[in-house]
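Analysis of the macromolecular model
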Amino acid sequence: MVRERERIRVRTSDGRSAEFPRGTTGHSIVEVLFPEKAPHAVGIEVNGTIYDLCRPILEDASVRVLTFEDPEGKQIFWHSSAHLMAEALEALYPGIKFAIGPPIEQGFYYDVEPPEGVVITAEDLPRVEAKMRELAERDVPFERLEVSWEEAVRYYREHWNPYKLEILEELRGQPITFYRQGNFVDLCKGTHVPSTGMLRYPKLLNIAGAYWRGDSRNRMLTRIYGICFPEQKQLDEYLRLREEAERRDHRKLGRELELFLLTPAVGPGLPIWLPNGTVLRRTLENFLRREQLKRGYQEVITPHIGNLELYKTSGHYPYYADSQFPPMVLEEQERYLLKPMNCPHHHQIYASKPRSYRELPLRLAEFGTVYRYEQSGELNGLIRVRGFTQDDAHIYCAPEQLKDEIKAVIELTQYVFRIFGMPVDIRLSFRDDNAAKYGGDLALWERAQREIQEVADELGLRYTIGLGEAAFYGPKIDFIVRDALGRRWQLGTVQVDYVMPERFRLEYIGPDGQAHRPVIIHRAPFGSLERFIGILIEHYAGNFPFWLAPVQAVVLPITDAQHVAALQLTEALQQAGYRVQADLRSERLQRKIAEAEHRKIPFLLVLGRREVETSTVAVRRHGFGDQGSRTVEELLRWFAELNVPGAERAHSNA
RNA sequence: GCCACCGUAGCUCAGUGGUAGAGCGGCUGAUUUGUAAUCAGCGGGUCGGGGGUUCAAAUCCCUCCGGUGGCUCCA
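We now turn to the structure provided with this report. (Residues numbered from 1 in each chain as written. Chains lettered and ligands numbered in written order. Predicted model: local features only at pLDDT ≥ 70, side-chain atom pairs only at ≥ 80, totals over all residues. Heavy atoms only, no water.)

Overview of the sheet that holds strand E21 (residues 334–338)
For the record, the criterion: By definition, two strands form a pair when at least two bridges between them are found by DSSP. In DSSP terms, a helix is any run of H or I states spanning at least four residues, a strand is any run of E spanning at least two, and both are numbered starting from the N terminus. Here an angle of 0 to 180 degrees is reported between the N-to-C directions of two axes, which are lines fitted to C-alpha atoms, with helices fitted over the stretch in contact.
In spatial order, the strands read E19-E21-E20; together these 3 strands make up an open sheet with antiparallel pairing. Bordering the open sheet on either side are strand E19 (305–307) and strand E20 (328–331), each of which pairs with just one other strand. Each strand axis lies, on average, 30° off the axis of its neighbour in the sheet, ignoring direction. Across 3 bridges, E20 lies against E21 in antiparallel orientation. Looking at the pairing, Met328 lines up with Tyr336 of E21.

Shown next, in the form of structure tokens:
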């Protein structure tokens, strides 16, 4: 009997199993059952719990080996990297205090309090990084130490660290684990890689301030961000992607391609659309406008300001007074607000006359410009601004129509992002337990959340649920798109709202002759045109598809002798509705081509003596090079094919 | 708003105490050119604003404004 308990049985997910002595470690199991993974293993999942490879296993177990390739493995790897960075920091800045150092989606950070009088800046990072490499070279094991709560507290009283003590306060009475590598010891629940030798390719990325516990009333700590890889080539690839992202920065491309202008002379976060950017924006608007008209939307226009009382009725004003431009006060009782959202205006349209169930769903759409006083530190190019235009619409429908309307909105949103070749992830954003954050009746909330989830299930969508991500008046469906570099952006949103119909006392007369309350769907596929275009610039790296390109073609005569032909061609293409310019300067063709390529113009149309004589045009396409000659008719057919949303996939050619 | 860093010509940047520089762009002229930058000449900046230290400030200090990376926030 005793002997039985000395052995444990270990099963793998691919159906193999073996016996081990009780108290065996992940190391032994990996070496026996997964010899090919042994050098790369960072941890082991034991009956659903993640263990260090050095931790004894005491019972029968189903196991899974984790490497850097697994999401959980990456977290272990980066968490360990944070500890390695901490060890390096402690070596370079004796007396530095550590707060928290977790892994994040891409890498890790550690929040630290530098010793009195010391400021760590970006210039110090290479030194820290070099120290990390040096420590990794030593290849020492990470050890897991179990201690009592009292011992842990004693340790941090001696090595005075208020942050760790505060963390321990929340763990009062529980057994505590420490991890040690080399001379560095840290309070940590784990898990960690077996040894520092795996962490040879770190890169410290940036440094920033961060409040302790994320609370702006607390002390600001120094946060150092980094990343680390098992192989040099993975680090190289990561750094290459970062450089590519920098190269595509929409603020840089926006200036170079003359799309928009941000100037303090107008105000922070208040973009001006230049002619090229205006083409982009209007083209996108017209695209969506057409799709909406096909789907039964009606377009409206509302003023940029509204009576403050309107926003009190909606409940937005007291909730969000901080993030609005202050009201304009005309007289004691007459105050106006720059509109922070379009909703209340649209509700007035609904409420402007009695409504019958026969009118529902009523779908009101507006490219509505709104103003929000975002904190100065929050502003970022077109991504986050103080004045922006939503592709907004409100759908007023009977409760029994709600699910079909949500489905139609999801279909539209998915259609839109397919056009841009952006994959979409869906998040159902529901409320959490913090009742103070939300308005309206709990029963209505639960109903809305249930219906949203039912629709998502009926459509067979893959989704995640984000608790606490809801708007104050209702749950949402958020669309998170991935761009050409794989970065994720939250764009479109669909929100179900039972609260505003109550607040505005919206009604319709049903078939039974009685008044009923409609439900409102708020939705915006792009979210905001500014933000979407900012993302689109980076997605395409400024190489816009033909249908979106601000200038679609430039005509390049080789000598003055082709000027007349060049002007005729330009005009013919313009008459056909294309955005075409002629470059008549007395420059060499090479220069004209170089400049047009820098402007990322999709088509360069070269006219020399040969072309004029044969009534053709030599075509060069951005990203594809010389395409040979075409007649104007052939060119027009080609243009017509390309001038359709979604006709081209995103390409990343320079 | 908070922390760190930054702000010199339209753009990219050099100039760390001795009264402002380059390349590109711009303008003018020459050149008439065949698939990524022809040559020459000419303009252009109260060095982000204000205050201070100094015989002397782009340079050192203070302050305000703006930007970048984060934090908080994001209807």
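Resuming the write-up.
A few points about the protein's contact with RNA strand B
Put simply, the rule reads: Residue proximity to a molecule or strand is established when one non-hydrogen atom of the residue lies within 4 Å of it. The definition of a polar contact used here is a pair of N or O atoms within 3.5 Å, where within protein one atom must be able to donate a hydrogen and the other to accept one, and adjacent residues in sequence count solely through side-chain atom pairs. Nonpolar residues are Ala, Val, Leu, Ile, Met, Phe, Trp, Tyr, Cys and Pro. Charged residues are Asp, Glu, Lys and Arg, and all others, Gly as well, are polar.
RNA strand B sits among 51 residues. The nearest are Ser323, Glu378, Ser586, His598 and Glu611. The sugar-phosphate share of atoms of RNA strand B within 4 Å of the protein amounts to 46%. At a separation of 3.0 Å, a sugar or linking oxygen of RNA strand B approaches a polar side-chain atom of Tyr225. In this structure, a base oxygen belonging to RNA strand B sits 2.8 Å away from a side-chain N or O atom of Asp560. Listed by contribution, the elements that provide at least two residues to the surface near RNA strand B are strand E14 (201–211), strand E15 (220–229), helix H8 (250–256), helix H11 (316–320), helix H18 (589–598), helix H19 (609–614) and strand E34 (617–621). With 7 residues, the top contributor of residues to the surface near RNA strand B is H18. In the surface near RNA strand B, the residues fall into 20 nonpolar, 16 polar and 15 charged.

Considerations on the pairing of strand E22 (residues 362–371)
For a regular strand, the rule is simple: side chains alternate between the two faces of the sheet. Selection rule: Exposure categories follow from relative accessible area, calculated using a 1.4 Å probe and restricted to protein chains: below 20% of the type maximum is buried, above 50% is exposed, and the middle band is partly exposed.
By the criterion of burial, E22 is predominantly enclosed, with 10 of the 10 residues buried. As defined by bridge partners, strand E18 (residues 298–299) adjoins E22 across 2 bridges and the pair is classed as parallel. Bridge assignment links Glu299 to a residue of E22, and that residue is Ala365. Relative to strand E23 (residues 387–397), E22 is paired through 10 bridges, and the arrangement is antiparallel. Residue pairing in the sheet places Gly368 in a bridge with Gln390 of E23.

Considering the packing of aromatic side chains
Selection criterion: Note on aromatic pairs: the rings of Phe, Tyr and Trp (six-membered ring only in Trp) are paired at centre separations within 6.5 Å, and the planes decide the class, stacked below 30 degrees, edge-to-face beyond 60, tilted for the rest. Lysine NZ or arginine CZ positioned within 6 Å of the ring centre and within 35 degrees of the ring normal marks a charge as sitting over the ring.
For the coordinates displayed, the defined rule picks out 32 aromatic pairs. Each residue in the set Phe287, Tyr415, Phe417, Phe420, Phe526, Phe532 and Trp547 is aromatic and connected to the rest through ring pairs, giving one cluster. Positioned above the aromatic ring of Tyr51, the side-chain terminus of Arg55 is 4.1 Å from the ring centre. A cation over a ring is seen here: Arg223 above Tyr109, with NZ or CZ 3.7 Å from the ring centre.

Some points on the pattern of salt bridges
Between side chains of opposite charge, a pair can form as their charged atoms come close. Rule in force here: Take a side-chain nitrogen of Lys or Arg and a carboxyl oxygen of Asp or Glu: if they are within 4 Å of each other, that pair is a salt bridge.
In total, this model carries 59 salt bridges according to the counting rule given. Of the charged contacts, one joins Glu359 and Arg355 as a salt bridge, the two residues approaching to 2.7 Å between their closest N and O atoms. Residue Arg355 is classed as buried on the basis of its relative accessible area, which comes to 8%. The network of salt bridges with shared partners includes Lys403, Lys407, Arg450, Glu454 and Glu458.

Brief notes about a nonpolar patch on the surface
Worth spelling out the cut-off: Only residues whose relative accessible area exceeds 30% and that take part in no salt bridge are eligible for patches, with like-charged residues grouped when within 9 Å of each other and nonpolar side chains (Val, Leu, Ile, Met, Phe, Trp, Tyr) grouped when within 5 Å. Computed with the Shrake-Rupley method and a 1.4 Å probe, the accessible areas treat only the protein chains shown as cover for residues.
A grouping of Leu261, Val266 and Ile272 is seen on the molecular surface, where their side chains present a nonpolar patch of about 210 Å² in accessible area. Position of Leu261 among the secondary structure elements: in strand E16 (residues 260–261).

What to know about unusual backbone geometry
Residue Pro361 is reached from Leu360 by a cis peptide bond, and omega for that bond is -5°. You can see Pro361 is positioned in the loop between helix H12 (343–351) and E22. Positive phi, close to 55°, is recorded for Glu258, a residue that is not glycine. Within the secondary structure layout, Glu258 lies in the loop between H8 and E16. Located in the positive-phi region is Lys600, a residue other than glycine, with phi close to 60°. With respect to the element layout, Lys600 can be found in the loop between H18 and strand E33 (603–607). Residue class for Lys600 comes out buried when judged on its relative accessible area of 15%.

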